[in-house]
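# Analysis of the macromolecular model
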Amino acid sequence: ASDMAFKIYSLLIALLLWVFVIYDQNPESTKVIRNVPVYYSNIDALENEGYTVCRGEEELAVDLKIKGRRLTLGKLSKKSVNAYVTFGDLKSGEYDLSVAAVLPESGLSVADKRPATIHVKVEKLVEKKIDVGIEYSGSNEEGKLASAELKTTAVTVSGPESVINKVNSAKIALDYETVMSQSEGQSKIILYDSDLNDITENKNIKLSDREISWESKIYN
């Protein structure tokens with residue numbers, strides 16, 4: 001009987017030691033993960049209704065203060081945490097949407113988030129067709145006339161109404177030497193506003209084609 005009692009006491013002591021290690025040596029703590037990118041979780045659903053988000057130049061990000069056991073927190077990084085905002089049945093307008101987070105383990109929770117909301121601007125999703133021109137540089141060989149013929153003469157741009165309204169023209173840049181030396185090629189499409197500012201890299205603009213094919217025409 002004494003041996004059985006000893007085994008029971010030993011088991012209880014081992015259990016208490018385990019609880020001590022888990023809860024005393026691995027206490028609850030917090031960790032701040034900074035500049036976590038904020039994603040739009042259902043932008044496709046919004047665009048299916050004929051609206052889209054007008055994105056600013058800066059990437060959206062949030063600082064998350066996460067609560068959990070110290071050992072678990074030690075494994076956390078920006079890559080293991082996701083932050084997002086969800087769009088409901090929104091129309092054109094400006095909104096402050098709550099930021100939500102997805103954490104890699106169930107024992108973790110968000111104690112604080114800054115900012116707690118993200119300001120977004122929703123606009124009508126529009127598209128328009130723009131004719132593509134050619135801007136030549138350099139000079140022709142003496143006695144020869146060279147030009148390029150585009151295989152597609154227009155490109156479709158789509159995005160927020162205020163941005164697409166600013167798209168005024170589309171061109172490709174070609175050097176006469178390139179036209180003379182190549183029978184065909186592909187060139188990047190460049191978009192301009194009415195002041196001839198290059199707006200090709202505006203993240204709100206979607207292009208049906210980023211490049212356009214051409215073939216050279218040389219006349220003696």
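Given the structure is predicted, the values throughout are model-derived calculations rather than measurements.

### Points about the side chain of Thr 52
Structurally, Thr 52 is set in strand β2 (residues 51–53). In terms of polar contacts, Thr 52 uses its side chain to reach the side chain of Glu 47, at 2.9 Å. Look past the residues within four positions of Thr 52 in its chain and what remains in contact with it is Ile 43, Leu 46, Glu 47, Lys 121, Val 122, Glu 123, Lys 124, Leu 125, Gly 159 and Pro 160.

### Quick notes on the packing of aromatic side chains
Scanning all chains against the criterion turns up 2 aromatic pairs. Centroid distance Tyr 40 to Phe 87: 5.3 Å. Interplanar angle 65°. Geometry classified as edge-to-face. Here the residue Tyr 40 occupies a position in strand β1 (residues 28–40), and Phe 87 occupies one in the loop between β4 (82–85) and β5 (93–98), the gap between them amounting to 47 residues. Phe 87 matches Tyr 40 in its accessibility class, with the two residues each being buried. Between the aromatic rings of Tyr 136 and Tyr 176, the centroid separation amounts to 4.8 Å while the plane-to-plane angle is 5°, which identifies the pairing as stacked. In this pair, Tyr 136 sits in strand β8 (residues 117–137) while Tyr 176 sits in helix α5 (residues 176–181), placing the two residues 40 residues apart along the sequence. Tyr 136 gets classed as partly exposed once you look at its relative accessible area, which sits at 29%. By relative accessible area, Tyr 176 is classed as buried at 19%.

### Brief notes about the side chain of Ser 187
The residue Ser 187 is located in strand β12 (residues 184–188) in this model. Residue Ser 187 is classed as buried on the basis of its relative accessible area of 9%. Within the local environment of Ser 187, its side chain forms a polar contact with the side chain of Trp 214, the two groups lying 3.0 Å apart. Apart from the residues within four sequence positions on either side, Ser 187 is in contact with Ile 172, Ala 173, Leu 174, Arg 210, Glu 211, Ile 212 and Trp 214.

### As for the environment of Leu 103
When you line up the elements, Leu 103 lands in the loop between β6 (100–102) and β7 (109–114). In the structure, Leu 103 is positioned 111 residues away from Trp 214 in sequence and 50 Å away in space, judged by C-alpha atoms. Leu 103 has contacts with Ile 66, Val 81, Leu 108, Ser 109 and Val 110, leaving out every residue within four places of it along the chain.

### So, the nonpolar core
Among the nonpolar cores identified, the biggest contains 25 residues, and Leu 46, Ile 66, Val 85 and Phe 87 are the most heavily contacted of them. Contributing elements (two or more residues each) for this core: β1, α2 (43–48), β2, β3 (61–69), β4 and β8. Counting residues per element, this core draws most heavily on β1, at 4 residues. Formed by 23 residues, the second largest nonpolar core is a distinct cluster that contains Leu 150, Ile 164, Leu 191 and Ile 199.

### Describing the sheet that holds strand β15 (residues 211–219)
In spatial order, the strands read β9-β15-β12; together these 3 strands make up an open sheet with antiparallel pairing. With one partner strand each, in any of the chains shown, β9 (145–150) and β12 form the two edges of the open sheet. Ignoring which end each strand starts from, the neighbouring axes of this sheet average 40° apart. The pairing of β12 with β15 spans 5 bridges and is classified as antiparallel. Within β15, the residue paired with Gly 185 across the bridge is Trp 214.

### A short note on the sheet that holds β1
The 5 strands lie next to each other as β6-β4-β1-β3-β7, forming an open sheet whose pairing is mixed. The open sheet has two free edges, formed respectively by β6 and β7, since each of these has just one partner strand. Put simply, the sheet's adjacent strands are angled 35° from each other on average, direction ignored. Note: β4 against β6, 3 bridges, orientation antiparallel. Counted as the bridge partner of Ala 83 is Ala 101 from β6.

Definitions and cut-offs
- Along each chain, the written sequence defines residue order, and numbers are assigned to residues from 1.
- Only residues with pLDDT of at least 70 are given local features in this predicted model, and only at 80 or more are side-chain atom pairs given and counted; all residues enter the totals for whole chains, interfaces and linings.
- Based on all heavy atoms of the structure, the side-chain values leave hydrogens and waters out of the count.
- Helix and strand assignments follow DSSP, with helices taken as H or I runs no shorter than four residues and strands as E runs no shorter than two, numbered in order from the N terminus.
- Under this definition, polar contacts are N or O atom pairs within 3.5 Å; protein pairs additionally need one hydrogen-donor-capable and one acceptor-capable atom, and for neighbouring residues in sequence, both atoms have to be side-chain atoms.
- Whether two residues are in contact is decided by their heavy atoms: any pair within 4.5 Å suffices.
- Each Phe, Tyr or Trp ring, with Trp reduced to its six-membered ring, pairs with another whose centre is within 6.5 Å; inter-plane angles below 30 degrees give stacked pairs, above 60 give edge-to-face pairs, and intermediate values give tilted ones.
- Note on exposure labels: buried denotes an accessible area under 20% of the residue type's maximum, exposed denotes more than 50%, and partly exposed covers the range between, all computed with a 1.4 Å probe on protein chains only.
- Residues enter a nonpolar core if they are buried and are Ala, Val, Leu, Ile, Met, Phe, Trp, Tyr or Cys, with the set joined through side-chain atoms within 4.5 Å.
- What makes two strands pair is DSSP finding at least two bridges between them.
- Here, axes are lines fitted to C-alpha atoms. For helices the fit covers the stretch in contact, and angles between N-to-C directions go from 0 to 180 degrees.

Interpretation note: all reported values are geometric properties and have no functional meaning in isolation.
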